[in-house]
Amino acid sequence: MRVSRGAVRAALAIVALAALPFAIGDFWAYQLGLFYLYAIAALGVGVCWGRTGFLPLGQGLFFGLAAYGSGLALIAFDGSPWLLVLVPLAAIVPGLLAFALGLLVFRRRGESGPYFSMITLALSLLAYQLANNWESVTGGFNGLKGIPGLPGLDSYTAAYDVAATALAGSALMVAWLYRAPLGVLWSALALNERRVVLFGFDTNRLKAVAFGVSGLLAGIGGALYAPQQGLVTPQLCGFALSADLVIWAAVGGRARLLGPALGAIAIGVLASELRDRFPYWEIALAIVFILVVLFFPEGLAGMFTPIARRFRRPVPSPAPIAAPARPEVAQPSRLEIDGVDVKVGEVTILDRLTLALDRSAIHCVIGPNGAGKTSTFNVLTGELPVQAGAVRFDGYALERLPAHRIARLGIGRKFQIPSVFPQLAIADHLAIALWSARARPLELLKPSLRRWSTPLLDALRERYPFLRHDARPAAALSHGERQILELAMALLGEPRLLLLDEPCAGLSPQETAAVIDVIRWASARRRATIVVIEHDMALVRHLAEHVFVLHNGRLLAEGSVAAIQADPAVQAIYVGAEK
Amino acid sequence: MGSVFVAQALNALFGIAALAIVALGLAVTLGLLGVLNLAHGEVVMIGAYCAYVVQAQGLPYVAAIPLAIAVCAVLGWTVERWLVRPLYQRPFDTLIVTWGLSLLLRKCAEAMFGLGYKSLNEPVSGTLEVLGATYPRYRLLLVLVAVVVLTALVFWYRTSRTGTRIQAMVGNPELASAMGIPVSRYASATFVAGTCLAGLAGVLIAPLVPVQPFMGLDHILMSFFVLVVGGLGSVAGLVTGSTVIGGANSVVSALSDSTGGYFCVLALAILFLWLKPRGLHAR
Amino acid sequence: MTTAPRLAFERLVGGYGEADVVRDVSGAVAPGEVLCVIGRNGVGKSTLLKMLFGLLGCRAGRVSFEGRALDGLDATARRALGISYCPQERLVFDDLTVRDNLTLMRPARSVDAFAPYFERFPVLGRRLAQLAGTLSGGEKKMLSFVRGLSERQPLALLDEPSEGVQWENIVHMAELLDAARGDGRAFVVVEQNLAFAERIADRYLVIEQGRVALAGRRDEVDRDRLLAHLQV
């Protein structure tokens, strides 16, 4: 069995962790153990901030909650086997709470970042106040004292071993999550959330899961903190620890797996030594934080790995796995847009628009600027609410469904400006497209899904050899290649209705010819209904089997290309009228 | 009984005015420039410390105002130029950087003044009889100043040439620069206005709260929630938000305790996030 | 051309992100001339204007104004040199009144200087206190047009000024452009309305797929050829 480079590194790290007490002595190891617990919580900040792109400013809430829970359990059930259940529970409950909070807060259609950060900050301050005031339970300002250690683990070495094991275990869990489809989706949604939604993923739930994981990690740290220190004070819930966790994650390198842990341990140790000797230590740290955020996002961890390694992602093992097939539906999809009105403020975008498609063919939508072409697409993918009218796709009413559900029904879209994930590898892009139509929610935890392949993917790789360079990030591709990549992703989802918005924008004539070729081939092969917004009449003549002309938010005319060209009303809107 | 009611009403009015004047600076930077300055609370803190320094030196309290405005203007200009301007297109990064700044400012205050609470004397002491109730003079003064500042600002913004140009810039920055409005200069000036207003608010509230390095946290949160509830970009929103948040906080705090009040404010903010994400007076 | 061009652009290439929309466009306009840029939508007309005004960079080619190269100058600088711009979209300040839109860059709020414009477009004169965002599309175009012309700069770039405007007002626009032309001012006007273009153009520049398909003086260019490039 071939052992991967990652597994070797992990084994070495674990050996180093285990051997450390022999190098620095029991007492220092015990002190270090405390920072290991903080490091676990910092890993959670890395998951949220470094990977998924939102900033939790109140992780102390979960750490403190777990610490109080574990502390109370240890005091009440000292020596009892119940502790085997209660202490882990003290770690898990914050995770569940975080998940629930995530679902609660990540509900907006648009930008929820600042709200989330402020709410987490407020919650941690609230928790601090609660811990301070609820003396009967938490011991008030002086905290919960006299917490016994974990049963059977009394020595310094034992405490260190527990902390080290928990850190190793947590790091392995996070590493697994990052390798799983879930981790790839987290990275993707940090880069381009709209695109991920349009592949049928509920990004709000994905973010809530990330937050839940971070809550769990903080919970593990907190639950072990109580027996290790013997004392839990309200400070843990409050602002100070929450702020420190963010700083450690940033300085250590928030985007890397172990960066936050590294930051917690290194800075934490430095701080405890320097804080008293160097009065401006905290000011210096704040300045370092700002500089790191502005100029060194890789942090300390970035200094350890050479630049070249950054582009080398874990290459999936050679044997691809056949992905489950999409059900083939015999009849062509039916789309009915019925009297749809869309207004944004005072402006009417779509004016009782009515059109219908029921053939699997290539349709083109043309019309002057402001006719409502892209807005029609936005209505179809669920991103633009309608004020009146109905949209039916294969019998489903679309106007009330959220965008990710509509994508799951089989509507795919390609944007005019290539909408890809710049820092993600080509292989990840194609994998995301494959998961979109096929992966069940729990399957997103299986790393093996990254090896999925379909006959269509093979065919696309034949036509476009650059798609075989699995590890290249999309940012390294040319504009034309990015258009093709996005088109390939749209096709791989094997949608029943494919919406292409100026797919040849900015392409050279050869690239354009290739794209037309692929569109025709996909239409014939899959019998999908394809709708293309186009301005270039030469393209329309090549591609279209049917044309819709939109004007001022309404359908002006439809028919074959020849019929449209012969229609004087259509010509008039392009040339401008005298009266 | 009537005098109790009047006293409660005055208290509520004071609470709203205090919230509004503190949130005003954030309303300017967030509402006009779209920048969520997480260090807003710390700028208020700086204003409060300026007042402390002035009072400790034995100078008249009014001197705190020009001092706070000068300090906050310099701070605002520097922050806009070096931290905010490069990140206008990346609001998430602005959030993080201003959060780091808030940390830095807090630590600097700690280094300069220590962690302990500083208590200031009210510059105008005594009470006044209003409609049968007696109420502290200074608080009434604060309400008056808040009303004057808000009114003057709105009036200036709506009627002056510069105010109109800033409105143009906020609504359509590309057209504004195409018409010759120096957008970066105006953006910088707007940001500085926001920080100066925050500093002024700090001077005003300093005698009424314990002045300590961590005081800013409550203010940024409250100001943010006021804007979430009330809506960005209008004074009506600011006042409505202050009324709702301030009102809820006082009522619930009186019934349970301050933690309960806090919890209620948080619950309200989340509710508004769901139901009316752009606030009551959306632009 | 006998007189030196007010604006000249050679072999311009540019677009959004990495995509090139304008592929190789050259042209010029002399003082007192109107250059009409014709083409279907999507061919790169608006992009061309943005590149001329400095809102978009040029990947290749040069733009010069009265002989002076404009490389590296941003929009605000180009305006200061004497170029006005009326965009196609987001063309007025929605939150400001009609009066404020017109007088924004003037020292005072007085609209006395606009009397000749209000004679032709009385609706603007009647709605001075109305917020520009509540005007109809055509009214916004008229407002933007009046604002642009009232700046009385040596060169004005107008992006589809007649879109959504009723014919009688389009005729007024042509009259105002005539008068301005008499003063020696130059215009580059992007248009899809052929009847309007025919009234105002001294020269045509027809764009297709980012390149110049046809160029010449009004007497050199055949109407049928223009139609062919506009129609679908």
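Conventions and cut-offs
For every chain, the first residue of the written sequence is number 1, and numbering continues from 1 along that sequence. Each chain gets a letter, beginning with A, and each ligand a number, beginning with 1, in the order they are written. Only residues with pLDDT of 70 or above have their local features reported here, since the model is predicted, and side-chain atom pairs are shown and tallied only from 80 upward, although totals for entire chains, interfaces and linings are computed over all residues. Values shown for side chains rest on all heavy atoms present in the structure; no hydrogens or waters enter the calculation. Under the DSSP-based scheme used, a helix requires at least four consecutive residues in state H or I and a strand at least two consecutive residues in state E, with every element numbered from the N terminus. Atoms counted for the radius of gyration: C-alpha only. Globule rule: 2.2 Å times the number of residues to the power 0.38. For every residue, the accessible area (1.4 Å probe, protein chains only) is compared with the maximum for its type, and the residue is labelled buried under 20%, exposed over 50%, or partly exposed between those bounds. Exposure was quantified through the Shrake-Rupley algorithm and a 1.4 Å probe, taking into account, for residues, occlusion by the shown protein chains and nothing else. Charge assignment in this entry is limited to Lys and Arg as positive and Asp and Glu as negative, and neither His nor the chain termini are counted. A charge is said to be at NZ when it belongs to Lys, at CZ for Arg, at CG for Asp and at CD for Glu. What makes two residues a contact is simply this: any of their non-hydrogen atoms within 4.5 Å. By buried area we mean the combined loss of accessible area, with a 1.4 Å probe, across both parts when two parts are placed together. Each reported salt bridge corresponds to a side-chain nitrogen of Lys or Arg within 4 Å of a carboxyl oxygen of Asp or Glu. Identification of polar contacts relies on pairs of N or O atoms within 3.5 Å, with a donor-acceptor requirement for protein atoms, meaning one able to donate a hydrogen and the other able to accept it, and with residues adjacent in sequence counted only if both atoms are side-chain atoms. Residues are grouped as follows: Ala, Val, Leu, Ile, Met, Phe, Trp, Tyr, Cys and Pro are nonpolar; Asp, Glu, Lys and Arg are charged; all remaining types, including Gly, are polar. Values of pLDDT, the confidence the predictor places in each residue, fall between 0 and 100. When DSSP finds two or more bridges between two strands, those strands count as paired. Fitting a line to C-alpha atoms yields each axis, with helices limited to the stretch in contact; the angle taken between N-to-C directions then spans 0 to 180 degrees.

Considering the overall build of chain B
Argument step 1. Each helix and strand in chain B was counted, giving 11 helices and two strands.
Argument step 2. Helices (α) and strands (β) of chain B occur, in sequence order from the N terminus, as α-α-α-α-β-β-α-α-α-α-α-α-α.
Argument step 3. Over its C-alpha trace chain B gives a radius of gyration of 19 Å, about what one expects of a compact globule, namely 19 Å for 283 residues.
Argument step 4. Along the longest, intermediate and shortest principal axes, the C-alpha atoms of chain B span 60 × 45 × 35 Å.
Argument step 5. The burial tally for chain B puts 53% of its 283 residues in the buried class.
Argument step 6. Element-wise, carbon and sulfur atoms account for 68% of the exposed surface of chain B, whose accessible area totals about 11600 Å².
Argument step 7. Placing the 15 positive and 9 negative side-chain charges of chain B at their respective mean positions leaves the two points 11 Å apart.

Comments concerning the interface of chain C and chain A
Argument step 1. Between chain C and chain A, the residue contacts involve 20 residues of the former and 25 residues of the latter.
Argument step 2. Surface buried jointly by chain C and chain A totals about 1900 Å² across both partners, of which 48% is contributed by carbon and sulfur atoms.
Argument step 3. When residues of chain C are sorted by the area they lose upon contact with chain A, Glu 18, Asn 41 and Val 232 of chain C head the list and together hold 37% of the total.
Argument step 4. Where chain C touches chain A, the interface holds zero salt bridges.
Argument step 5. Linking chain C with chain A are two residue pairs in polar contact (both at pLDDT 80 or more).
Argument step 6. Counting only elements with at least two residues in the side of chain C that touches chain A, the list comes to helix 7 (167–182), helix 8 (194–200) and helix 9 (223–230) of chain C.
Argument step 7. Here the side of chain C that touches chain A is built from residues that sort into seven nonpolar, seven polar and six charged.

Describing the confidence of the model for chain C
Argument step 1. With 99% of its residues at a pLDDT of 70 or more, chain C shows a mean pLDDT of 91.
Argument step 2. The ipTM for the predicted assembly is 0.91, set against a pTM of 0.91.

Focus on the sheet that holds strand 11 (residues 546–551) of chain A
All names here are of chain A.
Argument step 1. Pairing is mixed in the open sheet, where six strands are placed in the order 7-9-10-4-11-12. On the outer flanks of this sheet lie strand 7 (411–414) and strand 12 (554–559), each paired with one strand and no other. The sheet shows a mean angle of 20 degrees between the axes of neighbouring strands, direction not considered.
Argument step 2. Of the strands in this sheet, strand 7 and strand 9 (497–501) touch helix 20 (residues 479–492), which is tilted by about 180 degrees from strand 7.
Argument step 3. Across the face of the sheet, helix 24 (residues 568–575) comes into contact with strand 4 (362–366), strand 11 and strand 12 while running at roughly 125 degrees to strand 12.

Focus: the interface of chain A and chain B
Argument step 1. The interface is formed by 35 residues belonging to chain A together with 36 residues belonging to chain B.
Argument step 2. At the boundary of chain A with chain B, total buried surface from both sides reaches about 3400 Å², with 84% on carbon and sulfur atoms.
Argument step 3. Three residues stand out in chain A for area buried against chain B, namely Met 118, Leu 126 and Phe 239 of chain A, and they jointly supply 18% of the buried area on that side.
Argument step 4. Among the salt bridges present, the one from Lys 107 of chain B reaches Glu 282 of chain A, with a minimum N-O distance of 2.8 Å.
Argument step 5. There are three residue pairs in polar contact (both at pLDDT 80 or more) connecting chain A and chain B.
Argument step 6. Those elements that place two or more of their residues in the side of chain A that touches chain B are helix 4 (83–105), helix 5 (113–133), helix 11 (239–252) and helix 13 (281–295) of chain A.

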